[in-house]
Amino acid sequence: MNPGRELEQEITRGLTELRALLATCSTCSVVGWCFSYYMHTAHSADSAARLSSPAKQIPFLLAVLLSGQEPESPIDFSKEQWEKAKSILDRLFSSYMYLYMPPKEELGTLAPEWHRVREVSMLAFLHYFNTGFLASIHQLVERIRIYLTPFDLELSAALGISASQALAICEWIADQLQKALDDLQSSVHAEHEERIKLLDKAEKQGWSLDDLTEAARDPSYLGKAEKLLSEIKGLGLLSLLDLEAAFPGIAGTFWGQFSVARGEAPEIRYPTEQSIYEVRPLIRISDTEAFCPLVNALFTALLLVGERTLLQSPARDKFLRSRDKALEDESLTKIRAFLSPGASIWSEVYETPDCQYEHDIVAVDDGLYLLIEAKAAPPLEPFRDPDKAFVRLRDAFRADTGIQKAYEQGNRIVRRLKNGDVVPIYDARGRELGHLTPDQSKLPIGVCVTRDNFGALATNLALLLEKDRGDSYPWVVNIIDLGNLAEAWSYFGWGPAELRKYLEQRILLHGKAFSDDELDFVGYFMRHGSLDSAIKARADLLQLNPEYSSVFDDLHRHLHAGGPPVRLKQTEPVLIDLKRSLISDETVYVDVGGRALASKKIGRNEPCLCGSGKKYKRCCGAGH
């Protein structure tokens, strides 16, 4: 069967099931399950409870819900229905793999280029459509302030509300919902204490069940229990009246721009379509009340709506120039965290006095020459057709705004230094600011900072980057991850020596180790003290455990949410041969040479051998 036809049939079947599942259920109960999912997964590593792509699957579920009408006699969405919905969502989103599978009759006859085209297209497609904006609230706030608030006048004229005003409302909502959660936790504690007192008293005095029931009606306990139930019911709810009291004059505009009720959304036909929830994350359940399933979604919606509005406005060119400059400034600020106070850093410089061969940032420090180019253009949406998608992705990668161009810009200086040339650096007026001298003790490396996350196209440059055999790969990192790394470097007291060690090893892993998240590579480096074992591992492809990036989640909780301090406990990496593990139906551990290690039975509740600090069942043993 044609892969495209198989995909259409699977999507039609899945959507029909999903619509039928939601048709009789109340909006409140379905949204409540989504809210509960976010709350649960934020505090639990239980992989069995997780969707494969929650950042896109839940918005898709909500889009299907919102495109239908509220039933006349709605019923509650049950746990059984929630589990069925999760199963349908996972099936729907994985169905796109049909597009990249060879027809059975052609197995074994396809050229290497056929496989390369589909590898690139598949990784880009899955990343683009299955991955949400991976940023914390404070990072989203920072981006809105940097990129949108300079255009307050333009946005106010187009939307009736400025970015600064909308941001203030989003922050107020976040504070209100957090306060409600804090109050609920206090009420849970108070009710629990009072209930224990009652049970202790009942046990000591030998009360009957009727006695205990009567005592529970006493105001000392009943008031706390009723308060707890009320706060549970109100969790995640937002009142328009409260919003209007806090923001008179603009609350209604915000409400109209960022809220949606059931029956107001257009019908969604494909999981790859943008969900109405992604731009209207407040789900109205009455004229004056709305549910906010995820606070981060509010800030993301403001960013999406604001940037889309500017790109479609007369201010488009002004916005694009501002966007490019803002990324250069952000990159300069973030890169300072990795360098010593004595580092030489120049921005907006040239290799010649007549302004030829521009470079966004050039930094010189102990052991390092960093040639940094900032690229603000976002990833293009891949076509569903793999061949057409490949051409589009390749051309965008090679464009002046793409990663290939950034590499070529930085590699000019890298080559000159390796050839023994002294490279002078000039400003826009033709004045010499300094020069780079060939030095065997320094690592010259090109760095491309992207504004957005390009997934595997950035973490595995062997997929698309064109370079001579003797040249080194650059380092490509998006600005959000660079900010996370800058925080980590500052927290652990690291500097240019650690950065050089990481970069020197990292550029050797393109095509050898895989993750679509740069933080997994850095997490591996932090956990094991180097990337050396990954470099030496005898493997066709090393798949990094996504748990490696969890150190950055822990660090964020400590720095921004009162979590415990983070301490690095360096361990030896644990390697698993996936192919042999699948064949033998048990985990096969190997050394860097690929030789199987003596089998050791690990209890599911024992610490994982990889040293993550997690239980085996929540780390390498997940799914076994």
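Residues numbered from 1 in each chain as written. Predicted model: local features only at pLDDT ≥ 70, side-chain atom pairs only at ≥ 80, totals over all residues. Heavy atoms only, no water.

- The name an unreviewed UniProt entry gives the protein chain is SEC-C motif-containing protein, with Nitrospira defluvii as the organism.

Digging into the overall build of the protein chain
- Counting its regular elements, the protein chain contains 23 helices and 15 strands.
- By the compact-globule yardstick of 25 Å for 624 residues, the protein chain fits well, its C-alpha radius of gyration being 27 Å.
- Across the 624 residues that make up the protein chain, the buried fraction comes to 49%.
- Here the protein chain displays about 30,400 Å² of accessible surface, and carbon together with sulfur accounts for 51% of that area.
- In the protein chain, 72 side chains carry a positive charge and 88 a negative one; their mean positions are 4 Å apart. (Helix = DSSP H or I, 4+ residues; strand = E, 2+ residues; numbered from the N terminus. Rg over C-alpha atoms; globule rule 2.2 N^0.38 Å. Buried < 20%, exposed > 50% of the residue type's maximum accessible area, 1.4 Å probe, protein only. Areas by Shrake-Rupley, 256 points an atom, 1.4 Å probe, with all protein chains shown as cover. Lys, Arg positive; Asp, Glu negative; His and termini not counted. Charge placed at Lys NZ, Arg CZ, Asp CG, Glu CD.)

Describing the pairing of strand E7 (residues 368–375)
- In terms of burial, E7 is a largely internal element, eight of the eight residues being buried.
- Along E7, one buried face is formed by Leu 368, Leu 370, Ile 372 and Ala 374 and the opposite face, lined by Tyr 369, Leu 371, Glu 373 and Lys 375, is buried too.
- Counting the residues between successive antiparallel strands, the hairpin from strand E6 (residues 358–365) to E7 contains two residues, one of them, Gly 367, with a positive phi of roughly 80 degrees. (Pairing = 2+ DSSP bridges.)

Here we look at the nonpolar core
- Grouped together as the largest cluster of nonpolar side chains are 163 residues, with contacts concentrated most on Phe 254, Phe 299 and Leu 370.
- Take this core: its biggest share by element is eleven residues, from helix H8 (residues 163–205).
- Setting aside anything within four residues of it in sequence, one finds Phe 299 in contact with Ile 137, Leu 140, Val 141, Ile 144, Leu 167, Cys 170, Glu 171 and Ala 174. (Core = buried A, V, L, I, M, F, W, Y, C linked by side-chain atoms within 4.5 Å. Contact = heavy atoms within 4.5 Å.)

Things to note about the packing of helix H6 (residues 137–147) against helix H14 (residues 316–335)
- Relative orientation of the contacting elements H6 and H14 amounts to 130 degrees, with a least axis distance of 10 Å. Judged by the angle between their axes, H6 and H14 are oblique. Residue-level contacts link Glu 142, Ile 146 and Tyr 147 of H6 to Phe 319, Arg 323, Ala 326, Leu 327, Glu 330 and Lys 334 of H14.
- Class assignment for the residues of the contact of H6 with H14 results in five nonpolar, no polar and four charged. (Axes fitted to C-alpha atoms, helices over the stretch in contact; angles between N-to-C directions. Parallel < 35°, antiparallel > 145°, perpendicular 65-115°, else oblique. Nonpolar A, V, L, I, M, F, W, Y, C, P; charged D, E, K, R; others polar.)

Focus: unusual backbone geometry
- Backbone geometry places Cys 355, a non-glycine residue, at a positive phi of 65 degrees.
- Locating Cys 355 in the fold gives a position in the loop between strand E5 (344–350) and E6.
- Even without being a glycine, Tyr 357 presents a positive backbone phi close to 60 degrees.
- Assessed through its relative accessible area of 43%, Tyr 357 is described here as partly exposed.

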